[in-house]
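Observations on the three-dimensional arrangement
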Amino acid sequence: RMSREKLLSAKPQSTSAEANRVSNAVLSQLMNGMLEKGKKEKHEEQVQFAAYKQFCDDTSVEKTRAIKEANEQIESLEALIGKCEATIEKRTKEIAQLDEDISVYEGDLKATTAVRKMEHNDYQATHKDYTESVDALTAAIAILKKQAYDRKQAASMLVQVKQDLIPPHAKRVLDAFLATTETAEDVGLDVSAPEANAYEFHSGGIIDMLEKLKDKFEDERSELEKEESNAKHAHEMLSQDLTNSISTSKEDRHDKAQEKAKTAQREADAKGDLQDTMSSRDSDQEYLDDLTAECKSKSDDFEARQTLRAQEIEAIEKAIEIISSGAVSGAADKHLPSLTQTSLIQLRSKATAPVQAKVAMYLQERAKMLDSRVLSALAVRVSDDPFKQVKKMIKDLIVRLLEEANEEAEQKGWCDTELSTNEQTRKEKTEAVESLHAEIDETEASIAKLTKELGELSTQIQELDAAVAKATTLRNDEKAKNEETIKDAKEAQVAVEQALQVLKDFYAKAGEATALVQQEPPEIFDKPYQGMGGESGGVIGMLEVIQSDFARLETETKAAESQAQAVYDKFTEDSSVDKAAKQKDVEYKSNKKESESEELLEKKADLESTQKELDAALRYYEKLKPSCVDAGVSYEERVARRKEEIESLQEALRILNGEDIA
């Protein structure tokens, strides 16, 4: 503004030296201001870009690492999904085959049941026919055996016999008999004497035939009942076999269906993880691409701006070398860049009977051989006690050892049963505990992984927010600076235009006035004074260049602002999409973590319960060990040693008996 006021208030001086000094001072001040501002803004721009480049490099490294990890996870998830799909396809085919087998078994069971029902119905009908025929024949025979019988009644009984059961020759005889009966009744219609309705029957041929027919029917009925029993048994066996096949197939199908369902769930989880990971990876990739493009654009722009500023500074310095002074507005100052007892026995044996001494020595030797405390103690007693007491003692000891053997055998059987049951329990519970430990470890690992991923996602979201905030701050600062630059460029253009107009008007008038009034130059001057028009041409030309630079600055700043805003808008939009995808991933993983945490609590409760059952089984095993588990000497060894002890006692008893007999 000072420069502008000076330019506007400038008036013609009386001498050319003074006018030249003022003009050079103004122009020099303007250009030196431009030089200082250009260097300052060039340095500030370098500092600002260094911070921005560091942000670009750090973010690029982080996103590249995240994308690499995501690609590795995607490869692992795709392999898991492929494995799950193969398992599901295999189980689907197996289930379909089992469904077909079950359907066939059930169809066979239904068909054989239907056939059996039909066979049973046929049996009941045929059995009923035989029974009714036998009953009818029995009644008919009883009637015919009477000397005087009622023909009509006998005929009615015979009619009840099932015709299809009667052999052809018997059927012909019965038909003839029935026909004779009907004829006799017709002839006797007009006879009123009692003898008319009955006559003496002299031939027993018909009765014999009927009795044979009755026996035949009874035999055939018995055979029918036998066949029915066999058919029923065969049906029950077949039905049981089919039922077992159906049950086994259904259990197998249930197991495979459960495995398929669990595999499908794992596949679904893996696909969910895959989708989230791919989405997150793609968002990171898009963000990285946008960031790389933006950073490249900014870097190119920075290089171009630095080059332009360097050229501009160089031009100004050269201009300053040429011009020491000049005149321009305040706006120009602000712009244009930017682990024994033998002796005792021997001593005592001297006072005992020879046989007892012999028995004592024998028992002592056997005791040493068998390492038996029982025989050793008995040897001492034999050498001290009376003869009869010794025999009784030996017999009692033999009985006791035999009782111990029986008790130990019973104990062995009980121990074997308890140890077997306990071993099975310990095995089952140990497997269950190990399985639960494995499941718990797997679940904890999954939870830890989810926790880590959630932490990383949270950090990424925070970094994303920070990046957007930083980009927003940079954008706002850049926008404000650009708006200010555009505003000042416009003002500078107006100021320069005004200065130019003042100078042009002045020099135009000065040249004209001098030409009219001063016809001849004074003697002191060599030529007529027409003002500093000619000298001012350089200043006016420079002002016109400065004016065009301000116009170019305005146009370039507007274009740079528009491009920067477009890049910023794309960056914020991509960041928003990336953030939304990560937040969705956070929600999914949080729900999964919560679900797995609940499963972990249940598994830990199951583990605690199963561990208590295992500990109880182990404690019971420890209780069984003193009486049931061999401790250095096996059951077989104890039995063999006891047998030898008994044999030794029996031999000692025989020695004593020999002395008694002698």
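Residues numbered from 1 in each chain as written. Predicted model: local features only at pLDDT ≥ 70, side-chain atom pairs only at ≥ 80, totals over all residues. Heavy atoms only, no water.

1. Brief notes about the overall build of the chain
- Helices and strands together make up the secondary structure of the chain, namely 12 helices and 0 strands.
- Listing every helix and strand of the chain by position from the N terminus yields α-α-α-α-α-α-α-α-α-α-α-α.
- Here the chain holds 662 residues, and the buried ones make up 34% of them.
- Accessible surface for the chain amounts to roughly 40300 Å². Of this, 53% is attributable to carbon and sulfur atoms. (Helix = DSSP H or I, 4+ residues; strand = E, 2+ residues; numbered from the N terminus. Buried < 20%, exposed > 50% of the residue type's maximum accessible area, 1.4 Å probe, protein only. Areas by Shrake-Rupley, 256 points an atom, 1.4 Å probe, with all protein chains shown as cover.)

2. Examining the state of the cysteines
- Per the counting criterion, the structure on display carries 1 disulfide.
- Each sulfur in the disulfide pair Cys56 and Cys295 lies 1.9 Å from the other. What sets the handedness of the Cys56 and Cys295 disulfide is the S-S torsion sign, and at about -90° it is left-handed. Residue Cys56 is located in helix α2 (residues 16-144), and its partner Cys295 is located in helix α5 (residues 205-322); the two are separated by 239 residues in the primary sequence. (Disulfide = S-S within 2.5 Å.)

3. What about the side chain of Ser249?
- If you trace the backbone, Ser249 turns up in helix α5.
- Only 2.9 Å separates the side chain of Ser249 from the backbone oxygen of Ser245, close enough to count as a polar contact.
- Contact partners of Ser249, with chain neighbours within four places excluded, come to Leu98, Ile102 and Tyr105. (Polar contact = N/O pair within 3.5 Å; in protein donor to acceptor, adjacent residues only side chain to side chain. Contact = heavy atoms within 4.5 Å.)

4. Let's talk about the side chain of Thr59
- Tracing the backbone shows Thr59 in helix α2.
- Polar contacts involving the side chain of Thr59 include one to the main-chain carbonyl oxygen of Phe55, which spans 2.8 Å.
- Residue contacts for Thr59: discarding those within four places in its chain leaves Tyr287 and Leu291.

5. Remarks on the packing of aromatic side chains
- Scanning all chains against the criterion turns up 4 aromatic pairs.
- Measuring from centroid to centroid gives 4.1 Å for Phe49 and Phe302, while their planes differ by 5°, and the two rings are stacked. Highlighted residues: Phe49 in helix α2 and Phe302 in helix α5, separated in sequence by 253 residues.
- With a relative accessible area of 13%, Phe49 lands in the buried category.
- The exposure class assigned to Phe302 is buried, which follows from its relative accessible area of 12%. (Phe/Tyr/Trp six-rings, centres within 6.5 Å; stacked < 30°, edge-to-face > 60°.)

6. Topic: the confidence of the model for the chain
- When pLDDT is averaged along the chain, the result is 76, and 71% of the positions lie at 70 or above.
- Highest mean pLDDT in the chain belongs to α5 (86); lowest belongs to helix α1 (residues 2-9) (36).
- The low-confidence segment residues 324-352, where pLDDT is below 50, has 89 contacts with residues more than four positions distant or belonging to other chains.
- Segment residues 528-536: pLDDT under 50, and 15 contacts once partners within four positions in sequence are set aside and those in other chains are kept. (pLDDT = per-residue confidence, 0-100.)

7. A few points about a negative patch on the surface
- On the surface, Glu439, Glu442, Glu594, Glu598, Glu599, Glu602 and Asp606 cluster together into a negatively charged patch.
- Among the elements of the structure, α10 (387-517) and α11 (533-628) are those that each provide at least two residues to the negative patch.
- If one sorts the elements of the negative patch by residue count, α11 sits on top with 5 residues.
- Here Glu442 lies in helix α10.
- Owing to a relative accessible area of 59%, Glu442 belongs among the exposed residues under this scheme. (Patch = residues over 30% accessible without salt bridge, like charges linked within 9 Å, V, L, I, M, F, W, Y side chains within 5 Å. Salt bridge = Lys/Arg side-chain N within 4 Å of Asp/Glu carboxyl O. Lys, Arg positive; Asp, Glu negative; His and termini not counted. Charge placed at Lys NZ, Arg CZ, Asp CG, Glu CD.)

8. Focus on the pattern of salt bridges
- Applying the stated criterion across every chain yields a total of 44 salt bridges.
- Lys128 is the partner of Glu132 in a salt bridge, and the nearest nitrogen-oxygen pair spans 4.0 Å. Here Lys128 and Glu132 lie together in helix α2, a separation of 4 residues that amounts to about one turn.
- Linked through salt bridges whose partners overlap, the residues forming this network are Arg91, Glu94, Asp252, Lys256 and Glu259.

9. Quick notes on the environment of Ser627
- Structurally, the position occupied by Ser627 is in helix α11.
- Residue class for Ser627 comes out partly exposed when judged on its relative accessible area of 43%.
- When the C-alpha atoms of Ser627 and Cys415 are compared, they prove to be 8.0 Å apart, with 212 residues separating the residues in sequence.
- Those residues in contact with Ser627 that sit more than four places away from it in its chain are Gln411 and Cys415.

10. Side note on the environment of Ser60
- Tracing the backbone shows Ser60 in helix α2.
- Considered as a pair, Ser60 and Tyr287 are 227 residues apart in the sequence and their alpha carbons are 9.4 Å apart.
- Sequence-distant contacts of Ser60, defined by excluding residues within four places in its chain, comprise Leu288 and Leu291.

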